[in-house]
Amino acid sequence: MDTTSVIRLSVFISVFFIMAMLEVFLPARKSILSRKERWVGNLSMVVFGAVVSRLLVPASLVGVSLWASEKGYGLFNILFASNSTLVSAVLVVVGVLLLDVVIYWQHRLFHTIPLLWRIHKMHHADSHVDTTTGLRFHPIEIVISLGVKTVAVVAFGVPVLAIVIFEVALNGFALFNHANIRLPQKWDDRLSTLIITQRLHRIHHSQAKEESNSNFGFSVSWWDKVFNSFKPRAHESDDKLPIGQRDVPPTKDNASVLSLLRQPFSKPAKD
């Protein structure tokens, strides 16, 4: 296992453990289904996604970045072939921001384009939002996302360090803002000026379409503010907000691994 993978796995395990423990002792909401009924399916998705990703891009995004740099591909590699330490640092920051806004728009398009929504809807069909929901993405969505990030890395020549920082942050924030915890409102309001908090992301998981089509950011909240998709409050209080999809009842069968995998291929229902 390479150093990058060790870093990502270490951060993943640490954040997951902390969030899971907080959910046990300080839960914000009560789940209809048991933890076992939901977690088996949700955690299976991250395993399927990791296997498919490794099969399609064995070298990982870091390998893609190194290849692009060696070949001189990408805007950054063309314009800054010989650069100073300061320029390299700036390119890392720009690279992280670039990947983050790309993922923001990818997420928004998954809600806008009907075919992509059918794939992404599996993530939103979770009847309860906790830290494992941040791992519940259909393998097809993982493949598409990997493709989008690969194109961005090659097109812009995103530096390796930027990719490592972004991937670690993306994984960590996905676990953090899906966690079933609630911050004190005054701290939530302060933090939400910069990042997507758990309460803000639960608004994104609301059954109301006008609310689920908001707060698309996985980490920072400023893209939603810049592109007019930020929603600071829902129509219901956080503890009463209806979560999930109306046409996917919270049953054990709907939470099974097989059910999650075949959801995009089921007959679409009117939202």
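For the structure, check the block above.
On to the overall build of the protein chain, then. Along the backbone of the protein chain there are 13 helices and 0 strands. Secondary structure elements of the protein chain occur, N-terminal to C-terminal, as α-α-α-α-α-α-α-α-α-α-α-α-α. Here the C-alpha coordinates of the protein chain stretch approximately 55 × 40 × 35 Å along the principal axes. Put simply, the protein chain has 271 residues, and 47% of those count as buried. Surface summary for the protein chain: the accessible area is close to 13600 Å², and the carbon and sulfur share equals 69%. Averaging the coordinates of the 28 positive side-chain charges in the protein chain and doing the same for the 20 negative ones gives two points 2 Å apart.

Leu-99, Val-153, Val-158 and Ile-163 are the most contacted members of the largest nonpolar core, which totals 20 residues. Put simply, the parts of the chain that give this core at least two residues each are helix H3 (60-71), helix H5 (85-112), helix H7 (139-156) and helix H8 (160-177). For this core, the leading source of residues is H8, giving 6 residues. The contact partners of Ile-163, leaving out residues within four places of it in the chain, are Leu-61, Val-62, Ser-65, Leu-99, Val-153 and Val-158. If you look at the next biggest cluster of nonpolar residues, it comprises 11 residues, including Phe-16, Met-19, Ala-179 and Ile-181.

Once that is clear, we can look at the packing of aromatic side chains. Counted under the stated rule, the structure contains 12 aromatic pairs. Ring centres 6.4 Å apart and planes at 25° place the aromatic pair Trp-223 and Phe-227 in the stacked group. Among the aromatic residues, those joined into a cluster by ring pairs are Tyr-104, Trp-105, Phe-216, Trp-222, Trp-223 and Phe-227. Over the ring of Trp-39 we find Arg-35; its NZ or CZ atom is 5.4 Å from the centre of that ring.

Turning next to the pattern of salt bridges. Here the structure, examined in full by the defined rule, presents 11 salt bridges. Among the salt bridges present, the one from Asp-126 reaches Arg-38, with a minimum N-O distance of 2.9 Å. Taken together, the positions of Asp-126 in the loop between helix H6 (114-124) and H7 and Arg-38 in helix H2 (residues 35-56) put the pair 88 residues apart, joining distant regions of the chain. Just as Asp-126 is buried, Arg-38 falls in that class too. One salt bridge in this structure joins Asp-189 and Arg-233, with 3.3 Å as the shortest N-O distance.

Bringing H3 into the picture now. Taking 1.5 Å as the rise per residue, H3 with 12 residues should run 16 Å; its terminal C-alpha atoms sit 17 Å apart, in good agreement. Among the residues of H3, those classed as buried are Leu-61, Val-62, Val-64, Ser-65 and Ala-68. Looking down the long axis of H3, one finds its buried residues gathered within 160° of arc, a one-sided arrangement. Structural note: H3 exposes Leu-66 and Glu-70 on the side pointing more than 90 degrees away from its buried face. The inward-facing, buried residues of H3 contact helix H1 (3-25), helix H4 (75-79), H7 and H8. In the segment just after H3, Gly-72 is the residue with positive phi, at about 75°.

About the thresholds
The residue numbering used here restarts from 1 in each chain and proceeds along that chain's sequence as written. Side-chain atom pairs in this predicted model are given and counted only at pLDDT of 80 or more, local residue features only at pLDDT of at least 70, and totals for whole chains, interfaces and linings cover all residues. Think of the side-chain values as coming from all heavy atoms in the structure, minus any hydrogens and water. Strands are runs of DSSP state E lasting at least 2 residues, helices are runs of H or I lasting at least 4, and numbering of each runs from the N terminus. Buried residues are those whose accessible area, probed at 1.4 Å on protein chains only, stays under 20% of the maximum for their type, while exposed residues exceed 50% and partly exposed ones sit between those limits. Accessible surface is estimated by sampling points in the Shrake-Rupley manner with a 1.4 Å probe; for residues, cover comes only from the protein chains shown. All tallies of charge rest on Lys and Arg as positive and Asp and Glu as negative; His and the ends of each chain are not included. Charge placement uses NZ in Lys and CZ in Arg. For Asp and Glu, CG and CD serve respectively. Put simply, buried Ala, Val, Leu, Ile, Met, Phe, Trp, Tyr and Cys residues joined by side-chain atoms within 4.5 Å make one nonpolar core. Here, two residues are considered to be in contact whenever any of their heavy atoms come within 4.5 Å of each other. Pairing of aromatic rings covers Phe, Tyr and Trp, the last through its six-membered ring, and needs centres within 6.5 Å; plane angles under 30 degrees mean stacked, over 60 mean edge-to-face, and all others mean tilted. Whether a charge sits over a ring depends on NZ of Lys or CZ of Arg being within 6 Å of the ring centre and within 35 degrees of the ring normal. Take a side-chain nitrogen of Lys or Arg and a carboxyl oxygen of Asp or Glu: if they are within 4 Å of each other, that pair is a salt bridge. Multiplying 1.5 Å by the residue count of a helix minus one yields the expected span of that helix. The directions considered for the arc are those from the helix axis to the C-beta atoms.

Any functional reading would require information beyond the geometric quantities listed.
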